[in-house]
Amino acid sequence: MASPTLLSLLPFLPSVSPPPILRNEIPISSFSIKASLLSSSSSLHLNPEVVVTRERGKNGKLMDALATHGISCLELPLIQHMQGPDLNRLHSILSDTKFDWVIITSPEAGAVFLDTWRAAGSPRVKIGVVGSGTASVFKEVMISSEALEVAFSPSKATGKVLASELPKHGDKRCKVLYPASVKASSEIEEGLSNRGFEVTRLNTYTTAPVHQIDEQLLKQALATPVIAVASPSAIRTWVELVSSTERWDDAVACIGETTALAAKRLGLQKVYYPENPGLEGWVRSILDALKMHYQSQKETIYDFTRPQQADKDPMH
């Protein structure tokens, strides 16, 4: 069955003629309400509904997926990826050492690894990934090369579950290469080491807030009902940006549980995320966030349009 469009999810009030303003009733024009919420539903698409925050050029798949639901986006990159301190070591380690597993836990870690893997002569490697979104980075390579195999993904797309479920072959000491972000926690290497794996972690990249954000873009983003984030670094940057403005309490749609937990720890309340990270689940979470936003707006309008009876004179 085809996916519903966003418009089918937004049960706006039917268009009816307003009742005459009676004595002691409050006219709707007395309230400050955005005109777009009271006009035809087509006007909803004149303004962006979702802020996408990955590096510029890496938001295309999400924006295309949302466009199929009639959702417009505002691109506001919040973070940038930079070389990590161990990147130069990755080439020599891949060339000189054989590993039973290479663990990749994000698309960026996968992209950085692939560049160096090719430069090192494409040695045979067996990859374990945290989820389908990360696995997709290797799809084209596996078609053209038999030297790289994605052989494991955990039952739940978290580092903790990955560390507890990664297959271990007999009693021999399995060697694991873990190229990661500088900011990644130690959960995976500690979990694997406790199970007897020999883990080599290399901090091959890091993230940093973008140096400058256009003031008008930020103003537009603050007025957009949903922000979509793909990493704890991105949501931390967003919270730092909005902390200097008036209170912001719109929805955050996270790519997965790790980012969602970071959002909640930062005090955000309207946090949506899929059980398993990936594009499809992320899109569903964004749709859920938008549905709740517009539902609340509809209910607010309904409350404003209901007649407000004056208090009766207690003498009568």
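The shown structure was predicted, so the numbers you read here are calculated from the model rather than taken from an experiment. (Residues numbered from 1 in each chain as written. Predicted model: local features only at pLDDT ≥ 70, side-chain atom pairs only at ≥ 80, totals over all residues. Heavy atoms only, no water.)

1. Examining the overall build of the protein
Point 1. Scanning the protein for helices and strands turns up twelve helices and eleven strands.
Point 2. When burial is assessed residue by residue, the protein has 41% of its 316 residues classed as buried.
Point 3. Counting contacts in the protein only where the partners sit at least 6 residues apart, residues at least 24 apart contribute 69% of the total.
Point 4. Carbon together with sulfur atoms contributes 51% to the accessible area of the protein, which is approximately 17700 Å² in total. (Helix = DSSP H or I, 4+ residues; strand = E, 2+ residues; numbered from the N terminus. Buried < 20%, exposed > 50% of the residue type's maximum accessible area, 1.4 Å probe, protein only. Contact = heavy atoms within 4.5 Å. Areas by Shrake-Rupley, 256 points an atom, 1.4 Å probe, with all protein chains shown as cover.)

2. Looking at the sheet that holds strand S11 (residues 271-272)
Point 1. If you trace the five strands from one edge of the open sheet to the other, you get S2-S1-S9-S10-S11, paired in parallel fashion. Each edge of the open sheet is held by one strand with a lone partner, namely strand S2 (73-75) and S11.
Point 2. By the bridge criterion, two bridges tie strand S10 (residues 251-254) to S11 in an arrangement that is parallel. By the bridge assignment for S11, Ala253 is matched with Tyr272. (Pairing = 2+ DSSP bridges.)

3. Quick look at the nonpolar core
Point 1. Core analysis: the largest hydrophobic core is formed by 23 residues, its most contacted members being Phe113, Trp117, Ile127, Leu148 and Leu177.
Point 2. When neighbours within four sequence positions are excluded, Phe113 is seen to be in contact with Leu90, Leu94, Val102, Ile104, Val125, Ile127, Phe138, Leu148, Leu177 and Pro179.
Point 3. Listed in part, the 22 residues of the second largest apolar core include Leu78, Val242, Ala263 and Leu268. (Core = buried A, V, L, I, M, F, W, Y, C linked by side-chain atoms within 4.5 Å.)

4. What to know about the side chain of Glu189
Point 1. For Glu189, the location among the structural elements is in helix H8 (residues 187-194).
Point 2. A polar contact of 2.9 Å, which involves the side chain of Glu189, links it to the side chain of Arg201.
Point 3. The contacts of Glu189, once residues within four sequence positions are left out, are Tyr178, Val199 and Arg201. (Polar contact = N/O pair within 3.5 Å; in protein donor to acceptor, adjacent residues only side chain to side chain.)

5. Section: helix H11 (residues 257-265)
Point 1. Of all the residues in H11, the buried ones are Thr259, Ala260, Ala262 and Ala263. The arc enclosing the buried residues of H11, seen along the axis, measures out at 160°, which places them on a common side.
Point 2. Within two residues after H11, Gly267 carries a phi angle of roughly 95°, on the positive side. (Arc of directions from axis to C-beta.)

6. Details of the pattern of salt bridges
Point 1. Counted according to the given criterion, the structure contains ten salt bridges.
Point 2. The closest approach of N and O atoms between Arg89 and Asp86, which form a salt bridge, is 3.9 Å.
Point 3. For Asp86, a relative accessible area of 14% gives the class buried.
Point 4. Three or more residues are tied together by salt bridges with common partners; here these are Glu55, Lys58 and Glu108. (Salt bridge = Lys/Arg side-chain N within 4 Å of Asp/Glu carboxyl O.)

7. Observations concerning the packing of helix H3 (residues 87-96) against helix H4 (residues 107-119)
Point 1. Here H3 crosses H4 at 45°, and the two axes come no closer than 9 Å. As summarised for this structure, H3 and H4 are arranged oblique, according to the angle between their axes. By crossing handedness, the relation of H3 to H4 is classed as right-handed. Of the residues in H4, those in contact with Leu87, Leu90, His91 and Leu94 of H3 are Val112, Phe113, Thr116, Trp117 and Ala119.
Point 2. Counted by class, the contact of H3 with H4 contains seven nonpolar, two polar and no charged residues. (Axes fitted to C-alpha atoms, helices over the stretch in contact; angles between N-to-C directions. Parallel < 35°, antiparallel > 145°, perpendicular 65-115°, else oblique. Left-handed = near helix turned anticlockwise from the far one by under 90°. Nonpolar A, V, L, I, M, F, W, Y, C, P; charged D, E, K, R; others polar.)

8. Details of the environment of Leu261
Point 1. Inspection of the secondary structure puts Leu261 in helix H11.
Point 2. Distance in space between the C-alpha atoms of Leu261 and Pro232 is 8.4 Å, their sequence separation being 29 residues.

9. A look at the confidence of the model for the protein
Parts of the model with low pLDDT should not have their predicted coordinates read in detail.
Point 1. Residue-level pLDDT values for the protein average 82, and 79% of them are 70 or greater.
Point 2. For the stretch residues 302-316, pLDDT sits under 50, and the model shows eleven contacts to residues farther than four places along the chain or on other chains. (pLDDT = per-residue confidence, 0-100.)

10. Observations regarding the sheet that holds strand S8 (residues 198-209)
Point 1. With respect to topology, six strands assemble into an open sheet ordered S3-S8-S7-S4-S5-S6, the strand pairing being mixed. Either end of the sheet is taken by a strand with one partner, and the two such strands are strand S3 (79-83) and strand S6 (148-152). Pairwise comparison of adjacent strand axes, ignoring direction, gives a mean angle of 30° for this sheet.
Point 2. Examined bridge by bridge, strand S4 (residues 101-104) and strand S5 (residues 125-129) share three bridges and lie parallel to one another. Within S5, the position partnered with Val102 by the bridge is Ile127.
Point 3. Its contacts with the sheet place H3 against S3, S5, strand S7 (175-181) and S8, and it is angled at close to 150° to S8.

11. Some details on the pairing of strand S9 (residues 226-229)
Point 1. Judged by which residues are buried, S9 turns out to be covered on both faces: Val226 and Ala228 on one side and Ile227 and Val229 on the other are all buried.
Point 2. For strand S1 (residues 50-52) and S9, the ladder comprises three bridges, and the chain directions are parallel. Each residue of the ladder has a partner; that of Val51, found in S9, is Ile227.

12. Things to note about H3
Point 1. The complete set of buried residues in H3 reads Leu87, Leu90, Ile93 and Leu94. Buried residues along H3 cover an arc of 100° about the axis, so they all sit on one side. Summarising the geometry of H3, the exposed residues directed more than 90 degrees from the buried face are Asn88 and Asp96.

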